[in-house]
Amino acid sequence: MSKIVNKTENLLKEKITDAIISAIEAGELPRADIPQFIIEMPSNKANGDYSSNAAMAGAKSFKKAPRMIAQSIADHIDLSGTLFERLEIAGPGFLNFFLSQKYYSEILKDVFARGEDYGKSDYGKGKRVLVEFVSANPTGPMHIGNARGGAIGDCLASVLDWAGYEVSREFYVNDAGNQIEKFATSLEVRYLQHFKDNIEMPEDAYHGSDITEHAENFISEYGDKYVGSSSEERRKALVDYALPKNIAGLERDLGRYRITYDKWFRESTLHNDGSVEKIIEALKEKGVTYEQDDALWFKASKFGNDKDIVLIRANGLPTYIVPDIAYHYNKLVTRGYDKAIDVLGADHHGYVPRMKAALTALGLDADRLDAVIMQMVRLVRDGETIKLSKRSGKAITLNTLIDEVPLDAARFFFNLREPNSHFDFDLELAAKQSSENPVYYVQYAHARICSILKKAQEQNIELRTPSDEELLLLNSDEERDLIRHLSSLTGEIVSSAKAYDPAKITHYVVELATLFHKFYNAQRVMCDNEGLTQARLYLCRAVKDTIKNILTMLKITTPEVM
C-alpha cells in the first residue's frame, strides 16, 4: 500500500487501541488484555472508508455487549491528527470511519511525488527471486500455451520487481534428453526421405513443417554427404545444425513478444559439469535411494509422494527428473536465490510435489520453490473453438498469434484471468478497437486524458499544482471513488505478488479506466471555477500517469492519440 494509506491505517489502529486503554482507565471497560482486531475497507461505501471489528473482538475479554464496547471506544477516541473526520457505530458494534477530504488531497500529492515509482514498495525487502517461464522444448516453434506462459511469467516478474524483490527472468533450454532424441529421429527421417523411398516417420515423432524445412536447408548445404554415414553421426550433424537455429528462433520470437531473459540456462551444462552425477551421489549419501529391477529409485513416498521415482533406468540413463533436480539445486544453492518460481503447464501438477520431495531429501527448504500452474487456452473465433494439433504441425504458434492480434492485446488478454483458470482467447475481440476490448478501453482512457490536457493548453490554461484549498474541491462521489482507487495501487501490487497473479493488476487498471470514464461523464473537467478546473486537471494527470505506470510495467504501450 502507499505510504499515505499505510500511515492512515497504522494510525487508526493506534487510535482505537488508545481509546480502549482510555475507556479501561475511566472504568467504562474492565481491565483485560486488549483484543486482536482488524481494520478493513468495506465493500459498501455506506459503511465508511474503513471499518473495524474491535468491539466484537473484545466482547469475550470485556464481558460486555459489542455495541456497548463500541460506544465506549467512540466516546474516548481522538481522531485529531488523523485524516478521518468522523466515526459511526453500525449493526452489532462495527466501528465505521469516514475519511476527511484532506486524505484525498494527500493521495493525489503522493502520486505526483512518487512519479514513475508510484505503486512500488519495499515489501519484498530485496529478496532474490528467479522466475523461470516458457522453457519450451527447442524442438519446434512455440505454441499458444507458451504464449500464455510468456505473458504470465513476464508480467509476474514485473509485479514482483515493483513489490520490492530483486527479480531475474530465466529460460531453461532442454537441449538434452528424450525430446532431443526424438528431434534427431524426426530430422533424420526427413533427411533420408529426400534420397530414399519407403522410409516412414514414426507416429510419435515431430511431424511439423519446421522439421521438413530444417532437413531441406541441411540438404542445400551438405547434400547427400550424410546418407552413407552412421546413424549416430548423421543424427548429431542434423541436431548440431538445426538446434541452434531453433534456440535463436525462440529468443527472436520471445523478443518480439517483449520478453527479454536475464539468462538462457542450458540443460546440457548440468550433464557436462557433473551436476547430474553429483545429485545422484548426494541422494545416495542421504540414504533416500534404493535399487530395484536394475534401476535406481528415489524414496519419494517417504516425503509425502504417492509413489517412488526412478532416477536411473535399467539401461543406465537418468530419467528427466534428475537434471531437473540438479537445475533447481543450482538455482537455490549454487546461485543462492531466496525463491525459485516456476510457471508450468496444467500437466505439471504431479511434478511439483516430486521436485519438492527431492529438495527436502537434499536438506533444502522446499518452500523456497513455488510453482504457478497455468491452465490451458482455447482460441475462439466467431464463437467457435479453433482445433489445434501440435503433432501434425497445424498448431497456432506464438508468431502466428501476434501476426493476427495486436501485441498489446495478446499480453493483456493472457493476464485477464488468474493462471490456474481456463481461458478462452477471443481473437476477434482482441483485434477490435472498441470499449468491448479491455486493453483498448484502458488505452483509450489514457489517450482521452492526453486529449483533455492538450485542449487545456490550447485554451491557454496553465497546468499547475493546485493549492490545498483547491484540492479540497474534489469532493464529488466520482472524484472520491477515483482517488480512492488510485490509493489502492501499491496494495494491489503487493497482493498480486503474494498470490503470483498478475491478473489482479489488469483488473485494477480496467477498473481505474472505468472510474475515470464515469468521472468524465459526470463532471466537467474545465468548468467556470478556475480552482476546481486546476484540481480536476491535476486528478486527470494523476490517473494518466498511473495508467502509464501500470501499462509500462506490463510492457504495454500507452498511445496519446487513438
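Residues numbered from 1 in each chain as written. Predicted model: local features only at pLDDT ≥ 70, side-chain atom pairs only at ≥ 80, totals over all residues. Heavy atoms only, no water.

Engineer: Explain the nonpolar core to me, using residue names and the numbers behind them.
Structural biologist: Formed by 140 residues in total, the largest nonpolar core has its most connected members in Phe97, Leu160, Tyr257, Leu401, Phe414 and Phe425. Beyond its immediate stretch of four places on either side in the chain, Leu160 contacts Val129, Val131, Tyr165, Val167, Ile341, Ala497 and Tyr500. Counting residues in each nonpolar core, the second largest holds 33 residues, with Phe265, Leu296, Leu332 and Ala340 among its members. (Core = buried A, V, L, I, M, F, W, Y, C linked by side-chain atoms within 4.5 Å. Buried < 20%, exposed > 50% of the residue type's maximum accessible area, 1.4 Å probe, protein only. Contact = heavy atoms within 4.5 Å.)

Engineer: Can you tell me about the sheet that holds strand E7 (residues 263–266), naming the residues and giving the values?
Structural biologist: The strand order across the open sheet built from five strands is E7-E6-E5-E11-E12, with neighbouring strands paired in parallel fashion. The open sheet has two edge strands, E7 and strand E12 (369–374), and neither has a second partner. Adjacent strand axes in the sheet meet at a mean angle of 25 degrees when their direction is disregarded. Each of strand E11 (339–345) and E12 is contacted by helix H13 (residues 351–361), which is oriented at about 170 degrees to E12, the strand it contacts most. (Pairing = 2+ DSSP bridges. Helix = DSSP H or I, 4+ residues; strand = E, 2+ residues; numbered from the N terminus. Axes fitted to C-alpha atoms, helices over the stretch in contact; angles between N-to-C directions.)

Engineer: Quick rundown of the pattern of salt bridges? Include the residues and the values.
Structural biologist: For the structure on display, the rule yields 33 salt bridges. The partner of Arg235 in a salt bridge is Glu188, and the shortest N-O contact between them spans 3.4 Å. Of this pair, Arg235 sits in helix H9 (residues 231–256) while Glu188 is found in helix H7 (residues 178–193), placing the two residues 47 residues apart along the sequence. Residue Arg235 is classed as buried on the basis of its relative accessible area of 16%. Residue Glu188 is classed as buried on the basis of its relative accessible area, which comes to 9%. (Salt bridge = Lys/Arg side-chain N within 4 Å of Asp/Glu carboxyl O.)

Engineer: Account for helix H12 (residues 321–334), naming residues and giving values.
Structural biologist: A rise of 1.5 Å per residue sets the reference length of H12, with its 14 residues, at 20 Å; its end C-alpha atoms lie 18 Å apart and thus fit the reference within 8%. The buried fraction of H12 is high, at 11 of 14 residues. Of the residues making up H12, those classed as buried are Ile321, Val322, Pro323, Asp324, Ile325, Ala326, Tyr327, His328, Asn330, Lys331 and Leu332. Phi turns positive one or two residues past the end of H12, at Gly336, with a value near 70 degrees. (Expected span 1.5 Å × (residues − 1).)

Engineer: How would you sum up the sheet that holds strand E13 (residues 377–381)? Please name residues and give values.
Structural biologist: A sheet is described by the order of its strands in space; here three strands give the open sequence E14-E13-E15, paired in mixed fashion. Every other strand in the sheet has two partners, leaving strand E14 (384–385) and strand E15 (423–426) as the edge strands with one partner each.

Engineer: Run through the environment of Leu472, naming residues and quoting values.
Structural biologist: Residue position: Leu472 is located in the loop between helix H18 (468–471) and helix H19 (477–487). Each C-alpha atom, one on Leu472 and one on Gln101, is 5.9 Å from the other, the two residues being 371 residues apart in sequence. Apart from residues lying up to four places away in sequence, Leu472 is in contact with Gln101, Lys102 and Ser105.

Engineer: Break down unusual backbone geometry for me, with residues and values.
Structural biologist: In this structure, Ser135 takes a positive phi of about 40 degrees despite not being glycine. With respect to the helices, strands and loops of the structure, Ser135 is situated in the loop between strand E5 (128–132) and helix H6 (144–162). Of note in the backbone geometry, Asp294 takes a positive phi value of approximately 65 degrees without being a glycine. If you trace the backbone, Asp294 turns up in the loop between strand E8 (289–292) and strand E9 (295–298).

Engineer: Summarise the environment of Arg484; cite the residues concerned and give the values.
Structural biologist: Inspection of the secondary structure puts Arg484 in helix H19. When its relative accessible area of 18% is taken as the criterion, Arg484 is described as buried. Separated by 308 residues in sequence, Arg484 and Ala176 have C-alpha atoms that sit 53 Å apart. Apart from residues lying up to four places away in sequence, Arg484 is in contact with Lys45, Asp49 and Tyr104. Polar contacts involving the side chain of Arg484 include one to the side chain of Asp481, which spans 2.9 Å. (Polar contact = N/O pair within 3.5 Å; in protein donor to acceptor, adjacent residues only side chain to side chain.)

Engineer: Account for H7, with residues named and values stated.
Structural biologist: Owing to its 3.6 residues per turn, the α-helix brings residues three or four apart onto one side. Between the first and last C-alpha of H7 there are 22 Å, a value that for 16 residues agrees with the 22 Å anticipated at 1.5 Å per step. Buried-residue contacts for H7 involve helix H8 (209–222), H9 and helix H10 (267–272).

Engineer: Tell me about the state of the cysteines, residues and numbers included.
Structural biologist: Taken as a whole and assessed by the stated rule, the structure comprises zero disulfides. In this model Cys527 remains outside any disulfide bridge; the closest cysteine sulfur is found in Cys540, 11 Å from its own. Here Cys540 stays unpaired: no disulfide links it, and the sulfur of Cys450, its closest cysteine neighbor, is 11 Å away. Since its relative accessible area comes to 0%, Cys540 is described here as buried. (Disulfide = S-S within 2.5 Å.)

Engineer: I'd like a rundown of the packing of aromatic side chains, residues and numbers included.
Structural biologist: This model, assessed by the stated rule, comprises 28 aromatic pairs. An angle of 35 degrees between the planes, with centres 4.9 Å apart, marks the rings of Phe133 and Tyr261 as tilted. In this pair, Phe133 is assigned in the loop between E5 and H6 and Tyr261 in the loop between H9 and E7, connecting sequence segments 128 residues apart. You can call Phe133 buried: its relative accessible area is 0%. Tyr261 sits in the buried class, given a relative accessible area of 9%. With centroids separated by 6.3 Å and ring planes inclined at 40 degrees, the aromatic side chains of Tyr172 and Phe265 adopt a geometry described as tilted. Of this pair, Tyr172 sits in strand E6 (residues 166–173) while Phe265 sits in strand E7, placing them 93 residues apart in sequence. (Phe/Tyr/Trp six-rings, centres within 6.5 Å; stacked < 30°, edge-to-face > 60°.)

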